[in-house]
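As a plain string of letters, each chain reads:
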Amino acid sequence: MISATLLTPARTSSGPGGDRPGPTRAAERAYIGVLVVLDTTVLAAATLIGYLARFGDEPPVGSEIPYVVVAPALLLVWLISLKAMRCYDDRVLGYGADEYRRVSSASLRLAGGIAIAGYIADVGVSRGFLAISFAVGTVGLEVARYAARKRLHRARDRGAGWSRKVLVVGDTAHVLELVHTLRREPYAGYQVVGACIPDALLAPVPQRLGDVPVVGSFRDIPEAATAISADTVAVTASGSLTATRLRRLGWQLEGTGVDLVVAPALTDVAGPRIHTRPVAGLPLIHVEAPEFRGARKLVKGLVDRSLSLLALLLLLPVLVVIALAIKLDSRGPVLFRQVRVGQGGEEFGVFKFRTMVVNADALLAELAARNETDGLMFKMRDDPRVTRTGRLLRKWSLDELPQLANVLLGQMSLVGPRPPLPSEVARYDGDLARRLLVKPGMTGLWQVSGRSDLSWEDGIRLDLYYVENWSLAADLTILWKTFGAVIHRRGAY
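Since this is a predicted model, take the numbers as computed values, not measurements. Here the residue numbers are simple positions, counted from 1 along each chain's written sequence. Residue-level local features of this predicted model are given only where pLDDT is at least 70; pairs of side-chain atoms are given and counted only at 80 or more, and the full residue set underlies all totals for whole chains, interfaces and linings. Only hydrogens and water are set aside; all other atoms, that is, all heavy atoms of the structure, feed into the side-chain values.

Draft legend 1. Representation of the sheet that holds strand β2 (residues 190–196) in the model. As summarised here, the arrangement of the six strands in space is β3-β4-β2-β1-β5-β6, forming an open sheet in which the pairing is mixed. In this open sheet, the two strands that pair with only one neighbour each are β3 (208–209) and β6 (259–262). The sheet contact formed by strand β1 (residues 164–169) and strand β5 (residues 232–235) spans four bridges and is parallel. Considered in β5, the bridge of L167 is made with V233. Residue contacts follow a heavy-atom distance rule, with two residues in contact if any of their heavy atoms lie within 4.5 Å. Angular values range over 0 to 180 degrees, each being the angle between N-to-C directions of two axes fitted as lines to C-alpha atoms, with helices fitted over their stretch in contact. Every helix listed is a DSSP run of H or I at least four residues long, and every strand listed is a run of E at least two residues long, numbered separately from the N terminus. Contacts between helix α6 (residues 172–184) and the sheet are confined to β1, β2, β3, β4 (212–216) and β5, with β2 contributing the most and set at about 170 degrees to the helix. Against the sheet, helix α8 (residues 243–253) contacts β5 and β6, and its axis sits at roughly 160 degrees relative to β6. Strand pairing is assigned whenever DSSP detects at least two bridges linking the two strands.

Now the structure itself:
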């Protein structure tokens, strides 16, 4: 994940954005302008809703408070609070959870400050008006930011939208690895436009690393960044780039509007597990060990079982309709029970609605040559073993609903790695075996990132990332994104 690969950009100019290249800075300003307009609209609506919900369409009786002044003042102070909490800082916009945290923090701090000030000054502003306004406004701000971000992500996926133009600096192998990582998630907004490598000046002809042009060596990094209009220099590992040279590079970039970011060799570690501690002038990175047991795990299990039970009760009519459709479409049982491997290597039977003919396993050998995925799984877009009802169920991922029973029994989690087959586990090496340290999930990073469209390598990488960096907040985010993945039917076949 990019958030685990790149440290927060260090601003090398005093202003917000500095003297960035014209087109990049203009696109950035336009996006921030859209956010300001959205925030203003949301807050205006929130204060109006707060007033109408508390007082209706009649002016408050017996109140000396001029709400026609209070509401606009609250809106203005709220916008100032968002600005003060750096909610419009380009370093947190468009990717990661920090943007949402800052928006919520700004709103909650302002609400607390107004409550304390109102109590001390004994101002008679309606608490109902303030409570409703802040509740609606905080939720509205988060929803508006989410909508703006999704639109930005779609633009970035098309090669448009506001993105950082990145000059990658480092040894050849590490440059190629970082380029691959950044391009794996184009919606994060890091567009590689050039590279600087140690031996660039020794080449008799212009060099390229894949499709990335080599535009200079370590001696002329600032000049190379200016030549290709880069607004970010990303430094990756290199034996030639010492700490002293890196510090001098930061000095050279001061006042240019070009950000300096450092990509450490440590990858796929989420931010909450990383802590920087200055020791003797060195920013040492302390990495906490993954958490596989303890109170947080007990809470996760309780949440899993509670939500699965609630979902089973609510979806009972849907499950009955699906069962009837399967029974009428083809002969055989409604449910398909397959042995999978769970936490600690323990085998269990995973429940799914049957989507294939009854002798599907016997026909697998005949179709092995038509496997459309690499690695240890078998995937085929137009699998002839799938029934008519099965295609519909797979299209909308409804065939996996019976796995809620596995979650209720404690064999699976709502969110986790993909549950593997015993034949896959038999060929696991030491790295892959780490997937078995947690319970498999009905959904996971693999689900919201493309499912069957992912390569085996990417699927494993996402599973291992989740195992190492799981959290309840991340689980809720993945569950939310799962609905979008199901609706858009990404990788479902």
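Draft legend 2. View of the packing of aromatic side chains. Planes of paired rings set the category: under 30 degrees apart is stacked, over 60 is edge-to-face and the rest tilted, where pairs are Phe, Tyr or Trp rings (Trp by its six-membered ring) whose centres lie within 6.5 Å. This structure, assessed with the given rule, holds five aromatic pairs. Ring plane angle 50 degrees and centroid distance 5.2 Å describe the contact between Y51 and F55, whose orientation is recorded as tilted. Note that Y51 and F55 are positioned in helix α2 (residues 22–55) at a spacing of four residues, about one turn of the helix. With centroids separated by 6.4 Å and ring planes inclined at 70 degrees, the aromatic side chains of Y146 and W480 adopt a geometry described as edge-to-face. Separated by 334 residues along the polypeptide, Y146 in helix α5 (residues 127–157) and W480 in helix α17 (residues 472–488) bring together distant segments of the chain.

Draft legend 3. Focus on a nonpolar patch on the surface. Grouping into patches uses exposed residues only, defined as over 30% relative accessible area, and leaves out salt-bridged ones; the cut-off is 9 Å for like charges and 5 Å for nonpolar side chains (Val, Leu, Ile, Met, Phe, Trp, Tyr). Surface accessibility in these figures is a Shrake-Rupley result with a 1.4 Å probe; residues are shielded only by whichever protein chains are displayed. Here, a salt bridge means any side-chain nitrogen of Lys or Arg that lies within 4 Å of a carboxyl oxygen of Asp or Glu. Residues V299, V303, L307, L310, L314 and L472 make up a contiguous nonpolar surface patch of roughly 480 Å² in combined accessible area. Considering each element in turn, the nonpolar patch owes the most residues, five residues, to helix α9 (residues 295–314). Following the sequence through the fold, L307 ends up in helix α9. Among the residues examined, L307 registers a relative accessible area of 36% and is labelled partly exposed. Three exposure classes are used, based on accessible area relative to the maximum for each residue type with a 1.4 Å probe and protein chains only: buried under 20%, partly exposed in between, and exposed over 50%.

Draft legend 4. A look at unusual backbone geometry. The phi dihedral of S229 is positive, around 60 degrees, even though this residue is not glycine. Within the fold, S229 resides in the loop between α7 (221–227) and β5. Relative accessible area serves as the criterion here: at 35%, S229 is assigned to the partly exposed category. You will see that S397, though not glycine, has its phi angle at about 60 degrees, which is positive. As for its placement among the helices and strands, S397 is situated in the loop between α12 (388–395) and α13 (403–408).

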